[in-house]
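Residues per chain, in single letters:
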Amino acid sequence: MCSVSEAHVQVSTWSAHVPGTVMALQGSCVVIPCTFTYPGRERKQSDLTAMWHTKDHAFIYHPDIGEVLYRFRGRTSLVGDLGRKNCSLKIDRVQRIDGGPFIFRLAIDDGEKFSYTKSEVSIVIKDRPDVPLLTVGEPVKVGETVSASCSVYHSCPSNPPLLSWNHVGTHSVHSEKLPGGQWRMVSVLLFTSSVSDHKKPLTCTTKYWEGKTVRSSRLEC
């Protein structure tokens, strides 16, 4: 008696995954996260060409810069690895009129081209950055360690905001990737409490890539 094994083959389709909206700060940059699939056999990165366009089929990103809308020239770049099916797009110096919606388009070397029109992404553009969230540990006695943290959200991982304090101490910074093209930057400050800290504001300052600066303060007891 012979046994026959069945092979289960998963066939990919034309599909793309992008967030419906991405938050961005005017003047900064934004990275639109994007992944995609296509039917047929796996292709090398060199076999694939990425483009991004508006609903009117005007290109905001194209390998031939002459095809790109004038106002987007020099401001868009593909940061995803097409060989890994990543089509993420970066837009620099975000402008008020960059809201979209935008659509990813793929061309394969055998002549197939496809616009992922069911996966549009729009950008919500803010004029001003949010005030950083500042938290300070419970009041302690003079000579004990105080812990404070300052956090902000942003969409520009290549040029993240800079966090600084008005108090000397040991500080560390870490970045956390969040869903929807957002990042969270956190700075933690450790310092030894002294008499001179009494009733003195503790301030965290956030400076963004394009120059915007915001501060948050807490009064130390």
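Since this is a predicted model, take the numbers as computed values, not measurements.

**Student:** Any details on unusual backbone geometry? Residues and values, ideally.
**Tutor:** Residue G100 is joined to P101 through a cis peptide bond whose omega torsion reads 10°. Its place among the elements puts P101 in the loop between β8 (89-91) and β9 (102-108). Backbone geometry places H57, a non-glycine residue, at a positive phi of 65°. Position of H57 relative to the elements: it lies in the loop between β5 (48-54) and β6 (59-61). Among the residues examined, H57 registers a relative accessible area of 55% and is labelled exposed. Although it is not a glycine, R93 adopts a positive phi angle of roughly 45°. With respect to the element layout, R93 can be found in the loop between β8 and β9.

**Student:** Run through the pattern of salt bridges, naming residues and quoting values.
**Tutor:** Overall, the coordinates contain ten salt bridges when judged by the stated rule. Measuring nitrogen to oxygen at the nearest pair gives 2.3 Å for the salt bridge that ties D127 to R96. Here D127 is found in the loop between β11 (122-126) and β12 (133-136), whereas its partner R96 is found in the loop between β8 and β9, with 31 residues between them in sequence. You can call R96 partly exposed: its relative accessible area is 43%. Connected via shared salt-bridge partners are R71, R75 and D98.

**Student:** Tell me what's going on with the sheet that holds strand β17 (residues 201-207), and back it up with residues and numbers.
**Tutor:** Reading across from one edge, β14-β17-β18 is the order of the three strands in this open sheet, with antiparallel pairing throughout. Of all the strands in the sheet, just β14 (162-165) and β18 (213-219) have a single pairing partner and so form its edges. Between one strand axis and the next, the sheet turns by 20° as a mean value, whatever way the strands run. One ladder, built from four bridges, connects β14 with β17; its direction is antiparallel. Note that in β17 the partner of S164 across the bridge is T205.

**Student:** Give me the confidence of the model for the protein chain: which residues, what numbers.
**Tutor:** Low-confidence regions, as indicated by low pLDDT, have predicted coordinates that should not be scrutinised in detail. Of the residues in the protein chain, 93% reach a pLDDT of 70 or more, and the chain-wide mean stands at 88. Put simply, β18 is where the protein chain has its lowest mean pLDDT, 86, and β6 is where it has its highest, 98. Predicted confidence is poor over residues 1-10, with pLDDT under 50, and the contacts of this stretch with residues over four places away or in other chains come to zero contacts.

Here is what the cut-offs are and how they apply
Residues numbered from 1 in each chain as written. Predicted model: local features only at pLDDT ≥ 70, side-chain atom pairs only at ≥ 80, totals over all residues. Heavy atoms only, no water. Helix = DSSP H or I, 4+ residues; strand = E, 2+ residues; numbered from the N terminus. Buried < 20%, exposed > 50% of the residue type's maximum accessible area, 1.4 Å probe, protein only. Salt bridge = Lys/Arg side-chain N within 4 Å of Asp/Glu carboxyl O. Pairing = 2+ DSSP bridges. Axes fitted to C-alpha atoms, helices over the stretch in contact; angles between N-to-C directions. pLDDT = per-residue confidence, 0-100. Contact = heavy atoms within 4.5 Å.

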